[in-house]
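Below, each chain spelled out in residue letters.
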Amino acid sequence: MNIRKILKISAFTVLSIALVAALGLGAFIYKVRYGFNFYETTAPELPADLKSPAVLLFSKTNGFRHGEAIEASRPAFRQIAKVNGWSLYDTDNGAVFNPEQLSRFEVVIWNNVSGKVLNEEQRQHFKAFLENGGGFVGIHAAGDNSHQWEWYENKVIGAHFSHHPIAPQIQEAELNLETNLSITDLSKDLPQSWLHADEWYMFYDNPRNNGAQVLYMLDESNINPSGNMGFLATDKDWGMGDDHPIVWYKTVGQGKAFYSALGHQGAAFQEEDYITLLGNAIRWAGDL
């Protein structure tokens, strides 16, 4: 085999690998931002022994899936429900968002839910559930920019995700309890300050400006908030500054919504303080 042929084969191989890598990266970025959407239309069968008060744990992902965190959270939520005497139903089936079945629950948890996970009819049922007095608890990815739903981002979360740090992605930072809490039940048994390692979310806007009350603030002073990724992202070299809400709560119509940006890693759901926070959140959101 002559040198020219070897060079041609080598060049073709390198270009093929580069093309496959580019396509893979493109598919990953598209999935994270928009998801590959599918919707269930057959509702699950709820357990015959499901009793009130009941909590719906919903973990469907059409975007990026935080698999480790979702799996670690399930036994944690089961234990929270057991200790408090609540029923817990765990599903990834979006067809559970129908009026009859939603009426069986006081609180819906979006457990690292990403992407557009509900069809338009299911979205309207969830909106009616929350605005008419239901409770919502959102975990981490439930507040990212993959959901493609203005009402949800504006009214339920109340802030618009920009980025998270890249180098390093997971960083330890201090959380500080808000000093002027309007709902003191949410802070029951929680520390004034708390060191925690996570993938910290940066938001374009402050949820305070959309009617939210803050439970915990993130101290950015010892983290690198930049989300720049070479040519893929060049305008993310910023944080939210001194006023960086990381856990907050608000009303949505007659309902209540609670959001925690913590929970990228499974380890979060083994922390006593985070378990306490989640229990307080569910109790408050559902008036339990």
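As a starting point, this report considers the structure included with it. (Residues numbered from 1 in each chain as written. Predicted model: local features only at pLDDT ≥ 70, side-chain atom pairs only at ≥ 80, totals over all residues. Heavy atoms only, no water.)

A word on the overall build of the protein
What counts here: Under the DSSP-based scheme used, a helix requires at least four consecutive residues in state H or I and a strand at least two consecutive residues in state E, with every element numbered from the N terminus. Burial classes: relative accessible area under 20% of the type maximum marks a residue as buried, over 50% as exposed, and values in between as partly exposed (1.4 Å probe, protein chains only). In this description, contact between two residues means that some pair of their heavy atoms is separated by no more than 4.5 Å.
Scanning the protein from N- to C-terminus turns up six helices and eleven strands. Counting all 288 residues of the protein, 50% fall into the buried class. In the protein, once contacts between residues fewer than 6 apart in sequence are set aside, the share between residues at least 24 apart is 79%.

Observations regarding the pattern of salt bridges
This is how the line gets drawn: Definition used for salt bridges: Asp or Glu carboxyl oxygen within 4 Å of a side-chain nitrogen of Lys or Arg.
Scanning all chains against the criterion turns up twelve salt bridges. Put simply, Glu178 and Arg208 hold a salt bridge, and the shortest N to O gap is 2.7 Å. Placement of Glu178 in the loop between strand 6 (171-177) and strand 7 (193-198) and of Arg208 in the loop between strand 8 (202-203) and strand 9 (213-219) is noted, with a sequence separation of 30 residues between them. The exposure class assigned to Glu178 is buried, which follows from its relative accessible area of 18%.

Some thoughts on the packing of helix 4 (residues 120-131) against helix 5 (residues 150-157)
Threshold: The axes used here are C-alpha line fits, helices contributing only the stretch in contact, and every angle between their N-to-C directions lies in the interval 0 to 180 degrees. In this scheme, roughly parallel covers angles under 35 degrees and roughly antiparallel covers those over 145, while 65 to 115 is roughly perpendicular and the rest are oblique. Helix crossings get a hand from a simple test, with the near helix turned counterclockwise from the far one by less than a right angle marking a left-handed crossing and a clockwise turn marking a right-handed one. Under the scheme applied here, ten amino acids are nonpolar (Ala, Val, Leu, Ile, Met, Phe, Trp, Tyr, Cys and Pro), four are charged (Asp, Glu, Lys and Arg), and all others, including Gly, are polar.
Across the interface, helix 4 lies against helix 5 with an axial gap of 12 Å and an inter-helix angle of 15 degrees. With respect to their mutual orientation, helix 4 and helix 5 come out roughly parallel. Judged by the sense of rotation from one axis to the other, the crossing of helix 4 with helix 5 is left-handed. On helix 5, the residues touching Phe126, Lys127, Leu130 and Glu131 of helix 4 are Trp151, Tyr152 and Val156. Each residue belonging to the contact of helix 4 with helix 5 can be placed in one class, and the counts come to five nonpolar, no polar and two charged.

What about the packing of helix 2 (residues 67-84) against helix 6 (residues 272-285)?
Viewed as axis vectors pointing N to C, helix 2 and helix 6 meet at an angle of 60 degrees, and their least axial separation amounts to 10 Å. One way to sum up the angle between helix 2 and helix 6 is to call them oblique. Handedness of the crossing formed by helix 2 with helix 6: right-handed. Counting all contacts with helix 2, which are made through Ala76, Phe77, Ile80 and Asn84, the residues of helix 6 involved are Ile275, Leu278, Gly279, Ile282 and Arg283.

What to know about helix 4
Let me state the cut-off plainly: In a helix, the anticipated span is given by 1.5 Å times the number of residues less one. Throughout this description, a polar contact denotes any pair of N or O atoms lying within 3.5 Å of each other; where both atoms belong to protein, one of them has to be capable of donating a hydrogen while the other can accept it, and for residues adjacent in sequence the pair is counted only when both atoms sit in side chains.
Compared with an ideal rise of 1.5 Å per residue, which puts twelve residues at 16 Å, helix 4 spans 16 Å between its outermost C-alpha atoms and is within 8% of the ideal. Buried residues along helix 4 sit against helix 3 (99-102), strand 3 (107-111), strand 4 (135-139), helix 5, strand 10 (245-252) and strand 11 (255-260). You can read the cap of helix 4 off the contacts: a side-chain oxygen lies 3.2 Å from the backbone nitrogen of Glu121, and it is on Asn119. Immediately downstream of helix 4, the backbone of Gly133 shows phi near 120 degrees, a positive value.

A word on the environment of Ala167
Structurally, Ala167 can be placed in the loop between strand 5 (161-163) and strand 6. Each C-alpha atom, one on Ala167 and one on Pro225, is 8.6 Å from the other, the two residues being 58 residues apart in sequence.

Quick word on the nonpolar core
As a reminder of what qualifies: Here, the term nonpolar core denotes a set of buried Ala, Val, Leu, Ile, Met, Phe, Trp, Tyr and Cys residues that are joined through side-chain atoms within 4.5 Å.
Membership of the largest hydrophobic core comes to 78 residues, with the highest contact counts inside it found for Trp110, Phe126 and Leu215. Per element, the largest residue contribution to this core is seven residues, and it comes from helix 6. Excluding anything up to four places from it in sequence, Leu215 contacts Asn176, Leu177, Glu178, Leu181, Leu186, Ser187, Leu190, Val247, Trp248, Tyr249, Phe258 and Leu277.

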